[in-house]
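Reading the structure
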Amino acid sequence: MGTRKNAAALTAAEKSNFVAAVKALKAQTTGRNYDWFVRVHMNYFGTVDGHNYAHMSPSFLPWHRQFLLELENALKGFNPAVDLPYWNWTANRSTTGAPFTSDFMGGNGSGGNGSVTSGPFAGAANWRINVSATSSTSLRRAMAQRGSLPTASDVDGVMSVSTYDVSPWSSASRSGMRNRLEGGLAPDLHGRVHNWIGGHMAQIDSPNDPVFFLHHCNIDRLWSRWQTSRGFDAGRYAPGGNVSNVVDVNETLAPFGTTVSSTLDHRGTYTYA
Amino acid sequence: MTDISRRDVFRHGAAAVLVTATAFGYVTSSSSVGRTGSRERSAAADPRDFEEVYKGKKIKGEHDRANGQHRVHINGRKLGVAQVQLPVSPTSTETFTAVISTVNHFEPVPLDETNNRDGLKKLAKIVVDQLGDQELTRDADHHHH
Ligand SMILES: [Cu+2]
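What you are looking at is a predicted structure, and each value in this text was computed from that prediction instead of being measured.

Structural notes on the coordination of the copper ion
All names here are of chain A. Surrounding the copper ion are the protein donor atoms H190 (NE2), H194 (NE2) and H216 (NE2), which sit 1.9 to 2.0 Å from the metal. Coordination of the copper ion draws on donor residues from a single chain, spaced H-x3-H-x21-H in sequence. By relative accessible area, which is 0% here, H194 ends up buried.

What to know about the sheet that holds strand β3 (residues 71-74) of chain B
The strands making up a sheet are joined through hydrogen bonds of the backbone, oriented either antiparallel or parallel. Residue and element names in this part refer to chain B. The strand order across the open sheet formed by 4 strands is β1-β2-β3-β4, and the pairing between neighbours is antiparallel. Each of the sheet's edge strands pairs with one partner strand only, and the pair in question is β1 (50-54) and β4 (77-79). Taking the axes of each pair of neighbouring strands and ignoring which way they run, one obtains an average angle of 25° across the sheet. The pairing of β1 with strand β2 (residues 57-62) spans 5 bridges and is antiparallel. Within β2, the position partnered with E51 by the bridge is K60.

Here's the deal with the nonpolar core
Counting residues in each nonpolar core, the largest one holds 102 residues, and the members touching the most others are F18, W63, F67, L75, W87, W89 and M177 of chain A. If we ignore the near neighbours within four places in the chain, the residues touching M177 of chain A are L61, V158, V161, T163, Y164, W223 and W226 of chain A.

Considering the side chain of K58 of chain B
Note that K58 of chain B resides in strand β2. Side chain to side chain, K58 of chain B and E51 of chain B meet in a polar contact 3.4 Å long.

Observations concerning the interface of chain B and chain A
Across the contact, 32 residues belong to chain B and 36 residues belong to chain A. When chain B packs against chain A, the two sides together hide about 2,600 Å² of surface, and 53% of this comes from carbon and sulfur. On the chain B side of the contact with chain A, F106, Q130 and Q134 of chain B bury the most area, a combined 26% of that side's loss. At the junction of chain B and chain A, the tally comes to 3 salt bridges. Between D133 of chain B and R140 of chain A there is a salt bridge, with its nearest N and O atoms 2.9 Å apart. Where chain B touches chain A, the interface holds 19 residue pairs in polar contact (both at pLDDT 80 or more). Elements with a contribution of two residues or more to the side of chain B that touches chain A: β5 (81-87), β6 (95-101) and α4 (119-131) of chain B. Broken down by class, the residue content of the side of chain B that touches chain A amounts to 11 nonpolar, 16 polar and 5 charged.

Here's the deal with the confidence of the model for chain B
Residue and element names in this part refer to chain B. Mean pLDDT over chain B stands at 73; residues scoring 70 or higher make up 66%. Taken together, the stretch residues 1-42 has pLDDT below 50 and engages in 31 contacts with residues farther than four places along the chain or on a different chain. Note on the complex model: pTM 0.88, ipTM 0.91.

Parameters and conventions
Residues numbered from 1 in each chain as written. Chains lettered and ligands numbered in written order. Predicted model: local features only at pLDDT ≥ 70, side-chain atom pairs only at ≥ 80, totals over all residues. Heavy atoms only, no water. Donors = N, O, S within 2.8 Å, 3.2 Å for Na, K, Ca; no water. Buried < 20%, exposed > 50% of the residue type's maximum accessible area, 1.4 Å probe, protein only. Pairing = 2+ DSSP bridges. Helix = DSSP H or I, 4+ residues; strand = E, 2+ residues; numbered from the N terminus. Axes fitted to C-alpha atoms, helices over the stretch in contact; angles between N-to-C directions. Core = buried A, V, L, I, M, F, W, Y, C linked by side-chain atoms within 4.5 Å. Contact = heavy atoms within 4.5 Å. Polar contact = N/O pair within 3.5 Å; in protein donor to acceptor, adjacent residues only side chain to side chain. Buried area = accessible area lost by both parts, 1.4 Å probe. Salt bridge = Lys/Arg side-chain N within 4 Å of Asp/Glu carboxyl O. Nonpolar A, V, L, I, M, F, W, Y, C, P; charged D, E, K, R; others polar. pLDDT = per-residue confidence, 0-100.

Encoded structure:
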């Protein structure tokens, strides 16, 4: 069982192990390699088979939980000691501090809108972008130009919402924890962080930036925190069933083949430190 | 003709316009576009549509009031655009319409539903700002719906 730690608390060895495993997955030429994850995120942005599996729907949280778990398991195939770290952006709010240090995620794009210039993912020779809506072959960031980082009180406000989600189960849902967390409703804990990093993180191919997984790990941690106080059981997900074109609790999350209900209680697989 | 086949005809018309524009190196005037796909264009005419140069890139937007399948091209390359509904506020039952794209994926831009307003153009300009020296790729035209 894994323990997912705060990226700011990782040892030098934990950071280098994570980077090495991510690069090994990127270098893998067959099967579910790193670019497979990028492609899946692109393909599942919108409606697939009549369902919004990944975004603007209740299954945003379980879909990304499974997406992260599959990537983490792939990394463990290279080094079983690797766990996904999370970036707690309410505490680590600098473009140069953790996790944006040169021994981990690297820093901002050159000129504020160009290629990342420091760290292990700087430049196409170190980290080549192969699958993207835009033509750069090197990773780009444009930090702190758009979007903003949520505060601890923003997080507390979302955590205090007891209803998981409400009809119409979409970006238009005007109540519920999920839409406030995802971004259709203020304070939008998820979307604006993508925009704050900018570059590839603002795009449909956002997993091209490895910090995607640290951000979504934090989103997953917040869902877990919400579940810790309200329950990990199927009754704390909605809809419970019989809503067409919405992923109900017993429906399968494509393309993973697991049901929503099987993702809810993660504590036998990993916990958060 | 069903809605779907009408849309398909329409899409082919738009593609033909795009090929023409590319062949002429993006210097397509609005009259030559009109001649190329006159029937489809007139069916689509919307006063919010635009075709202009912004920061050195040609941006072109065509609204689809009936189906929300708006089309944006940047330097002749198609941008995947999706229309979404968002709540006006937690205390209101009203929603508003916004657009996102494959490049500004997490930043919905309100789409003004009255004539001569510029929501889709704002989206195109945000995308150009973000592109900088880049161009869109084939993967920018991601199928949303
Ligand atoms: Cu995200």
